[in-house]
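# Results of the structural survey
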Amino acid sequence: MKKIFILTLLIFITTFSITSAENNDRWYWLTSSDKQTTYVDILTLKYNSNLDTVDFWMKAVIPSDDKFFIFQGQIDFKNRTTSFYENYEYTLSTGELIQQFYSGSTMSIIPNTIGEYWAYVIANLVGRTGNF
């Protein structure tokens, strides 16, 4: 019984410390799956109401690969597209930069997908109203 209690306590402490490290005031949780968790940086969100676009930084954490990615992008609500620019890949366990690359890719925001959900949440975070 004592071993089960200690094991349970260790699992709780480990889980709590990992969760606490990832959830701070900067990174706002967007989605999680069994493979990755995504966040948006709420301190650098920039909404341009004239163009109806928002610039953002996102983070995707992939524990099974010991990696996380931070990437810069823009959502164009009027044209229903998301563009990605700078991308950085890091080792999760050490925080070491593995590589930096530029994608320059633009994708349509497809209805009823995770991309549309991200756009919806980010729109609410910047105070954008209305449909897109």
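Just above sits the structure.
To keep things clear, this report deals only with the structure shown in the data block. (Residues numbered from 1 in each chain as written. Predicted model: local features only at pLDDT ≥ 70, side-chain atom pairs only at ≥ 80, totals over all residues. Heavy atoms only, no water.)

What follows is about the environment of I122. Looking at where I122 falls in the secondary structure, it is placed in helix 2 (residues 114-125). Accessibility expressed as a relative area gives 0% for I122, which makes it buried. Put simply, I122 and L45 are 77 residues apart on the chain and 8.4 Å apart in space, counted from C-alpha to C-alpha. Excluding its chain neighbours within four sequence positions, the residues that come into contact with I122 are V40, L45, V54, F56 and I75. (Helix = DSSP H or I, 4+ residues; strand = E, 2+ residues; numbered from the N terminus. Buried < 20%, exposed > 50% of the residue type's maximum accessible area, 1.4 Å probe, protein only. Contact = heavy atoms within 4.5 Å.)

In this section: the pattern of salt bridges. It is possible for side chains of opposite charge to pair when their charged atoms get near one another. Per the counting criterion, the structure on display carries 4 salt bridges. In this structure, R26 engages D41 in a salt bridge whose closest nitrogen and oxygen atoms are separated by 2.9 Å. Here the residue R26 occupies a position in the loop between helix 1 (2-22) and strand 1 (27-32), and D41 occupies one in strand 2 (residues 37-41), the gap between them amounting to 15 residues. Residue R26 is classed as partly exposed on the basis of its relative accessible area of 35%. Among the residues examined, D41 registers a relative accessible area of 4% and is labelled buried. Residue E89 pairs with K67 through a salt bridge whose shortest N-O separation is 3.1 Å. One end of the pair, E89, is in strand 6 (residues 81-91); the other, K67, is in strand 5 (residues 67-76), with 22 residues separating them in the sequence. On the basis of relative accessibility, which here comes to 28%, the residue K67 falls in the partly exposed class. (Salt bridge = Lys/Arg side-chain N within 4 Å of Asp/Glu carboxyl O.)

So, about helix 2. The end-to-end C-alpha distance of helix 2, which contains 12 residues, comes to 16 Å, matching closely the 16 Å that a straight helix rising 1.5 Å per residue would cover. Every buried residue belonging to helix 2 is among W118, A119, V121, I122 and A123, and all of these are buried. Turning to helix 2, the residues buried within the fold contact strand 1, strand 2, strand 4 (53-62) and strand 5. Looking one or two residues beyond helix 2, the residue adopting positive phi is G127, at roughly 80 degrees. (Expected span 1.5 Å × (residues − 1).)

Locating S83 in the fold gives a position in strand 6. Looking at S83, the relative accessible area reads 10%, which means it is buried. Of note is the side chain of S83, whose polar atom sits 2.8 Å from the side chain of T106. With residues up to four places along the chain from it excluded, the contact list for S83 reads Q72, G73, Q74, S105 and T106. (Polar contact = N/O pair within 3.5 Å; in protein donor to acceptor, adjacent residues only side chain to side chain.)

It is worth spelling out a nonpolar patch on the surface at this point. A cluster of nonpolar side chains, Y28, I42, L43 and L125, forms an exposed patch at the surface whose accessible area comes to about 350 Å². The residue Y28 is located in strand 1 in this model. On the basis of relative accessible area, Y28 is assigned to the partly exposed category, the value being 37%. (Patch = residues over 30% accessible without salt bridge, like charges linked within 9 Å, V, L, I, M, F, W, Y side chains within 5 Å. Areas by Shrake-Rupley, 256 points an atom, 1.4 Å probe, with all protein chains shown as cover.)

As a further point, take the packing of aromatic side chains. Aromatic rings considered in pairs are described by the distance between their centres and by the relative angle of their planes. Summed over the entire model, instances satisfying the criterion amount to 5 aromatic pairs. Here F56 and F84 contribute two aromatic rings whose centre-to-centre distance is 6.2 Å and whose plane-to-plane angle is 85 degrees, an arrangement assigned as edge-to-face. Taken together, the positions of F56 in strand 4 and F84 in strand 6 put the pair 28 residues apart, joining distant regions of the chain. Note on accessibility: F56 and F84 belong to one class, buried. Taken together, F56, F71 and F84 form an aromatic cluster joined through their ring pairs. Over the aromatic face of Y39 sits the side chain of K59, whose NZ or CZ is 5.4 Å from the ring centroid. The ring of F77 is capped by R128, whose NZ or CZ atom sits 4.4 Å from the centre of that ring. (Phe/Tyr/Trp six-rings, centres within 6.5 Å; stacked < 30°, edge-to-face > 60°. Lys NZ or Arg CZ within 6 Å of the ring centre and 35° of its normal.)

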